[in-house]
Amino acid sequence: MEEFRRTYSRLCKESGAEPQETVLQQMHQLPQGRLDLATQSLTVDTCRALGKLLQKEALLTELVLSDCMLSEEGAVLLLQGLCVNTIVRFLDLKGNNLRAAGAEALAKLLRQNKSIQSLTLEWNSLGTWEEAFAAFCGALAANGTLRQLDLRNNQISHKGAEELALALKSNTSLQQLGEATSTGPPRPQTRPGGQQNPVEAGAGWEQHPRRHPQSRGYGHQAMDHNQDRQTAFRESQARAHVLSKEFLDLMETIDRQREEMVRSSKASAARVGQLQEALNERHSIINALKAKLQMAEAALALSEQKAQDLGELLATAEQEQRSLAQRQAKEHRLEQQVDELERKVKSQQDQLFLTRQELTNTAAELKMRAVQAEERLELEKKRSRKSLEDAEHLRFKEVEHMTRHLEESERAMQERVQRLEAVRLSLEEELSRAKAAALSERSQAEEELIKAKNQVRLEEQQRLAHLEEKLRLLAQARDEAQSACLQQKQAVADAQARASQLDRQALLDRESENASLREKLRLNQAEIARIRDEEAQRASFLQNAVLAYVQGSPLRTLSPQ
């Protein structure tokens, strides 16, 4: 049975359900070849798993499912699994309130199964639906393996009794009807009243040999003929006596069945009255649940109003986003000013280039003048060597002074170029730093704004999803309360307690959620205000820095008016 338990657990988990602990315990305690789940409340998932298991089970010969409170669906799933089983010999379904669907499933079982020999169906409601019971009787007539059948207390009507009689007339294997046993060999075929089958009795009557005249005379032949007539008369009287006794027994059985039907009808009437009272109580409970549902709907309307308020707050946040867009426009204007500064720097670079060209031209002119002076010196040397020798010292001093003056002017020009280059580099570095700071601050502000918007939207979506989940839970609780009208009083009390607990929990969840949402909105507003202040401070700081840089830049003194 351990393999049987493991297979049952695996099939339950494959169908997405947990195996019943009570069923597992019963499987652990059962002997080999017998499964007794009597008085165990079997769920539909357990019935589905057992039905699949019985299709392949090769060791189980006895299956006891009496008083298991099987539902119509569960019984159909079990019997479908038994249709292809070839090992089970004994099946007990006593006290499961099987009805139309159960009768049709039993009919299919009797037509397809070729191994079940004993079937106990006592204390069910198979006879209530005549068409389904007629299908069961038709399958019973065609069955050739069933030996024992118990149909007591199944509310069989007169038409159902006729169908059952016709089925018993066609069936050739049934040996016991009405009282079924769980063990032991089948009893001989009996009929109500304890009499032997009249067909078999008649067969016994036909076994008496008749006397035939052979070598006697005519008188003896007449006497033998009279004896034969008397014997036939006595046999007919005995047969009539047996038939009358069987008829009386059958009438007594019919009277007892009528008394049982009257008692069962009285009990059913009392049960119907109790059920009507229970139904009235459940109607009142349903009305109370409806009132609670209306309260929940009112709370939902309040939540929707709060959602509308949150939408207004979101609109306010969008307006603040527009103000941030305006700030971005201001930053754009600042970028334009920075571009203008870049253009100025470019113009200054152009001026620097012109200055370098002037310096180059001046150097070339000085070199050319030096060449001309040397040429003039040579001419003067040629013209008058004597005067050159006299004034050679003086000219040397003049050339040295001129060279020193040219070198000093060249060094001054180079220093000026270096200073201009350093100023240009510092301006470019400051401009790049200003642009990087402006871009980083703008990207940071945009990221913080996007984060705030995403956080508000995510919280709104989470809150709406939470509210939808609560609505679904409330609808599910309402459906469970309506279906509880068809169950017992204890289930109704449990449903009422569960519904009240769900309402209290939902109210507490909504209050805590509203408080958390208000706190998050307050934090978001504070964060947005902080971001707004920081942006304003950064914009003013950047504007002041740019203006101070433009006003105090040394290039301003060098640039043309």
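Residues numbered from 1 in each chain as written. Predicted model: local features only at pLDDT ≥ 70, side-chain atom pairs only at ≥ 80, totals over all residues. Heavy atoms only, no water.

Helix and strand content of the chain: twelve helices and six strands. Taking all 561 residues of the chain together, 30% fall into the buried category. About 36600 Å² of surface is accessible on the chain, with carbon and sulfur atoms providing 54% of the total. (Helix = DSSP H or I, 4+ residues; strand = E, 2+ residues; numbered from the N terminus. Buried < 20%, exposed > 50% of the residue type's maximum accessible area, 1.4 Å probe, protein only. Areas by Shrake-Rupley, 256 points an atom, 1.4 Å probe, with all protein chains shown as cover.)

A cluster of nonpolar side chains, Phe247, Leu248 and Met251, forms an exposed patch at the surface whose accessible area comes to about 300 Å². Here Leu248 lies in helix α9 (residues 218-383). Relative accessible area serves as the criterion here: at 52%, Leu248 is assigned to the exposed category. (Patch = residues over 30% accessible without salt bridge, like charges linked within 9 Å, V, L, I, M, F, W, Y side chains within 5 Å. Salt bridge = Lys/Arg side-chain N within 4 Å of Asp/Glu carboxyl O.)

On to the pattern of salt bridges. Inspection of every chain in the model, using the stated rule, returns 22 salt bridges. Where Glu534 meets Arg538, a salt bridge forms, and the shortest distance between an N and an O atom there is 3.8 Å. Remark: Arg538 and Glu534 occur in helix α11 (residues 489-552); sequence separation between them is four residues, near one turn of the helix. On the basis of relative accessible area, Glu534 is assigned to the partly exposed category, the value being 22%. Via salt bridges that share partners, Glu527, Arg530, Glu534, Glu535 and Arg538 belong to a single interconnected network.

Below, the discussion takes up the sheet that holds strand β3 (residues 90-92). On the basis of which strands lie adjacent, the open sheet formed by six strands has the order β1-β2-β3-β4-β5-β6 and parallel pairing. On the outer flanks of this sheet lie β1 (34-36) and β6 (176-177), each paired with one strand and no other. Where strand β2 (residues 62-64) and β3 come together, three bridges link them in parallel fashion. For Val64, the partnering residue across the bridge sits in β3 and is Asp92. (Pairing = 2+ DSSP bridges.)

Another point: the packing of helix α4 (residues 72-83) against helix α5 (residues 100-112). For any two helices packed against each other, the geometry comes down to the angle between their axes and how far apart the axes lie. Running from N to C, α4 and α5 cross one another at 0°; their axes reach a closest spacing of 9 Å. With respect to α5, the element α4 is oriented roughly parallel. Across the interface between the two elements, Glu72, Val76, Leu79, Leu82 and Cys83 from α4 touch Ala100, Ala101, Gly102, Ala105, Leu106, Lys108, Leu109 and Gln112 from α5. (Axes fitted to C-alpha atoms, helices over the stretch in contact; angles between N-to-C directions. Parallel < 35°, antiparallel > 145°, perpendicular 65-115°, else oblique. Contact = heavy atoms within 4.5 Å.)

The next subject is unusual backbone geometry. Notably, Trp123 is not glycine yet its phi reads approximately 60°, a positive angle. Note that Trp123 resides in the loop between β4 (118-120) and α6 (130-142). With phi around 55°, Asn153 is a residue other than glycine that occupies positive phi space. Inspection of the secondary structure assignment puts Asn153 in the loop between β5 (148-150) and α7 (158-170).

This part covers the packing of helix α3 (residues 44-56) against α4. Interhelical geometry of α3 versus α4 gives an angle of 5° and a closest axis separation of 7 Å. Taken together, α3 and α4 sit at an angle that is classed as roughly parallel. When α3 is examined against α4, the residues Val44, Cys47, Arg48, Leu50, Gly51, Leu54 and Gln55 are found in contact with a partner set consisting of Glu73, Gly74, Leu77, Leu78, Gln80, Gly81 and Leu82. For the contact of α3 with α4, the class distribution of residues is seven nonpolar, five polar and two charged. (Nonpolar A, V, L, I, M, F, W, Y, C, P; charged D, E, K, R; others polar.)

This part takes up a negative patch on the surface. Negative charge collects at one region of the surface, where Glu252, Asp255, Glu259 and Glu260 lie side by side. By the element assignment, Glu259 lies in helix α9. Judged by relative accessible area, Glu259 falls into the partly exposed class, the value being 47%. (Lys, Arg positive; Asp, Glu negative; His and termini not counted. Charge placed at Lys NZ, Arg CZ, Asp CG, Glu CD.)

Now for the confidence of the model for the chain. Summary statistics for the chain give a mean pLDDT of 80 and a share of 87% for residues scoring 70 or more. pLDDT under 50 marks residues 554-561. Its contacts with residues more than four places away, or in other chains, come to twelve contacts. (pLDDT = per-residue confidence, 0-100.)

Here we come to the side chain of Asn143. One can find Asn143 in the loop between α6 and β5. A relative accessible area of 5% means that Asn143 is categorised as buried. If near-sequence neighbours (up to four positions away) are discounted, Asn143 is found in contact with Leu110, Asn113, Asn171 and Ser173.

Take helix α1 (residues 2-14) next. Here α1 spans 18 Å end to end across 13 residues, near enough to the 18 Å set by a 1.5 Å rise per residue. Among the residues of α1, those classed as buried are Phe4, Arg5, Thr7, Tyr8, Ser9, Leu11 and Cys12. Along its buried surface, α1 packs onto α2 (21-29), β1 and α3. (Expected span 1.5 Å × (residues − 1).)

Before going further, it helps to examine the state of the cysteines. Applying the stated criterion across every chain yields a total of zero disulfides. Summary of cysteine pairing: Cys47 is not part of a disulfide, and the nearest cysteine sulfur, belonging to Cys68, is at 8.1 Å. (Disulfide = S-S within 2.5 Å.)

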